[in-house]
Amino acid sequence: MRQVLCSTGAIIGKPNNRDYRLLEDFSARILCDGFELLLYRSFYDEIDALKNWFSGRSLNIPVVHSEKSIGELISAGGADIERANRLFEINCDVARSVGAGKIVLHLWSGQISDSNFQSNLGAYKKVREIAENYGLDLLIENVVCNISSPMRHLCELRQEYPDVHFVFDTKMAAFHEELDQLYDAKHSWLWKDGHIRHYHVNDYAGGFKDWANLRTLAVGKGRIDFDRFFDFLAGTGYDGDFTIESTAFGSDGSVDFDMLNGQITYIKNKIAEIESAGKFGG
C-alpha cells in the first residue's frame, strides 16, 4: 500500500509554538494516510512527555525525521560527532516509541553543510548501527549542499556502503538541477537496487542553487513536472510511501488545510490512475 504522508513540520512550527499536541485536532482535518514526525531541537527538553503523549494516541507515524542539527554536528567532526550520536540515539528512541519503521537523517546540514564530507561519510556507519539497534531503517536525504551536490554524495555513500538507503526529495534535487539525473540510466541503481525507500514530494520555483528561492512549495506551485515524475516511478515499480512537506502554517500559526488536502488528493489520484492502468509494479 502506497501511503501519502504529511510532515508535521508542514503544520507545526514556531508560529504555533511547535506544539505537537495540535496533531490531535489537525489529524482529523488532513486527508493524509499518516504523518512523518519532524523532531525539533526544543523537543529534547520534554522527551518523556512527548513519548507519553504519542503513546496515548492512535496516530499512524511510519516515518520520523530526525532533528536537523545532528547533521551539523557530524559535519563539524571531532568531539561533535559523539554528541551527534547521542542525540541521534534519542531520536531513534522516539521513533521506535511512536511506531515508526524508518528514520530520516540529514547526514550533512547547516552552514557547514558538506564542506567536510569525509566526516559525514565516515560517520554513516555508526548512525546506521544506532538506527538498526532500534529496529529502524535509516534513510539519508539528498539535502542541499554548499560545496558539492547531493547526487554526488549519494554516489559516494553507495560506493562506501553498498546497502545504504535514501529518501529522495524532489525540491532538493531541483535546487541542484539534479532531478533529471533520477531518470537517467546512469543512476538507475538508485531504484533497481532498492536504495530509495521513500520520497519527499515538494515543488521548487527557483533556478540553480537559487538560495533566495529555497522554499518548500506545494505541488503545482513551482516548476517541477510531477506528471513525468509519477510516470517514471510507475515504470520503476516503486511501492513505497510519499511525504508532502510544504509549509502550510501562517505567521499566526493557522494552517491552510485546503492547500495540504489539494496536494494529497493530487498525489492519491495520480497513484490511483497509474495503478488502474496497471503501470505500477511491486
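Going by the structure above, here's the rest.
A quick note: this is a predicted structure, and the numbers were derived from the prediction, not measured. (Residues numbered from 1 in each chain as written. Predicted model: local features only at pLDDT ≥ 70, side-chain atom pairs only at ≥ 80, totals over all residues. Heavy atoms only, no water.)

Draft legend 1. Structural detail: the sheet that holds strand E5 (residues 137-141). With respect to topology, eight strands assemble into a closed barrel ordered E1-E2-E3-E4-E5-E6-E7-E8, the strand pairing being parallel. Put simply, the sheet's adjacent strands are angled 30° from each other on average, direction ignored. Pairing of strand E1 (residues 4-7) with strand E8 (residues 241-244), which is carried by three bridges, proceeds in the parallel orientation. From the neighbouring strand, Val-4 faces E8, where its bridge partner is Phe-242. (Pairing = 2+ DSSP bridges. Helix = DSSP H or I, 4+ residues; strand = E, 2+ residues; numbered from the N terminus. Axes fitted to C-alpha atoms, helices over the stretch in contact; angles between N-to-C directions.)

Draft legend 2. A look at the packing of helix H10 (residues 226-236) against helix H11 (residues 257-276). It is at 11 Å that the axes of H10 and H11 come closest, and there the two elements cross at 45°. Judged by the inter-axis angle, H10 sits oblique to H11. The two elements H10 and H11 meet at a crossing, and its hand is right-handed. The segment H10 lies against H11, with Phe-226, Asp-227, Phe-230, Asp-231 and Ala-234 engaging Tyr-266, Ile-267, Lys-270 and Ile-274. Looking at the contact of H10 with H11 residue by residue, the classes come out as six nonpolar, no polar and three charged. (Parallel < 35°, antiparallel > 145°, perpendicular 65-115°, else oblique. Left-handed = near helix turned anticlockwise from the far one by under 90°. Contact = heavy atoms within 4.5 Å. Nonpolar A, V, L, I, M, F, W, Y, C, P; charged D, E, K, R; others polar.)

Draft legend 3. Representation of the packing of aromatic side chains. Counting across every chain of the model gives 22 aromatic pairs. Measuring from ring centre to ring centre gives 5.6 Å for Tyr-40 and Phe-43, while their planes differ by 85°; the resulting arrangement is edge-to-face. Among the residues examined, Tyr-40 registers a relative accessible area of 16% and is labelled buried. Under the relative-accessibility criterion, Phe-43 is labelled buried at 3%. Ring centres 6.0 Å apart and planes at 90° place the aromatic pair Phe-226 and Phe-229 in the edge-to-face group. Here Phe-229 and Phe-226 lie together in helix H10, a separation of three residues that amounts to about one turn. Residue Phe-226 is classed as buried on the basis of its relative accessible area, which comes to 4%. (Phe/Tyr/Trp six-rings, centres within 6.5 Å; stacked < 30°, edge-to-face > 60°. Buried < 20%, exposed > 50% of the residue type's maximum accessible area, 1.4 Å probe, protein only.)

Draft legend 4. Focus on the side chain of Asp-203. Looking at the secondary structure, you find Asp-203 in the loop between strand E7 (196-200) and H10. The side chain of Asp-203 is buried and forms no salt bridge, while Arg-223, the nearest opposite charge, is found at 7.3 Å. A polar contact is formed between the side chain of Asp-203 and the backbone nitrogen of Lys-221, at a distance of 3.2 Å. Not counting residues up to four positions away in its chain, the partners in contact with Asp-203 are Lys-171, Arg-215, Thr-216, Leu-217, Ala-218, Val-219, Gly-220, Lys-221, Gly-222, Arg-223, Ile-224 and Phe-226. (Lys, Arg positive; Asp, Glu negative; His and termini not counted. Salt bridge = Lys/Arg side-chain N within 4 Å of Asp/Glu carboxyl O. Polar contact = N/O pair within 3.5 Å; in protein donor to acceptor, adjacent residues only side chain to side chain.)

Draft legend 5. Inspection of the pattern of salt bridges at higher detail. Under the defined criterion, the tally for this structure stands at 17 salt bridges. For Glu-275, the salt bridge is made with Arg-2, and the minimal N-O distance between the two is 2.4 Å. A residue pair is termed long-range when its members are at least 10 positions apart, and Glu-275 in helix H11 and Arg-2 in the segment before E1 qualify at 273 residues. Here Lys-270 and Asp-227 are joined by a salt bridge, their closest N and O atoms 3.3 Å apart. Within this pair, whereas Lys-270 is found in helix H11, its partner Asp-227 is found in helix H10, the two being separated by 43 residues in sequence.

Draft legend 6. Structural detail: helix H6 (residues 150-160). Residues of H6 that are buried include every one of Pro-150, Met-151, His-153, Leu-154 and Leu-157, and no others. On an axial view of H6, the arc spanned by its buried residues comes to 160°, and they lie on one face. Within H6, the exposed residues directed more than 90 degrees away from the buried face are Arg-152 and Gln-159. Tucked inside the fold, the buried residues of H6 contact helix H5 (117-133), E5, strand E6 (166-169), helix H8 (179-183) and helix H9 (189-192). (Arc of directions from axis to C-beta.)

Draft legend 7. Representation of unusual backbone geometry within the structure. We note that Ser-113 has phi near 45°; this positive angle belongs to a residue other than glycine. Relative to the elements of secondary structure, Ser-113 occurs in the loop between strand E4 (102-105) and H5. Take Ser-113: its relative accessible area is 2%, and that puts it in the buried class.

Draft legend 8. Structural context of the packing of H5 against H6. As a packed pair, H5 and H6 sit with axes 10 Å apart at the nearest point and diverge in direction by 45°. Judged by the inter-axis angle, H5 sits oblique to H6. For H5 against H6, the interelement crossing comes out right-handed. Listed contacts from H6 to Phe-117, Leu-121 and Tyr-124 of H5 are His-153, Glu-156, Leu-157 and Glu-160. For the contact of H5 with H6, the residue count by class is four nonpolar, one polar and two charged.

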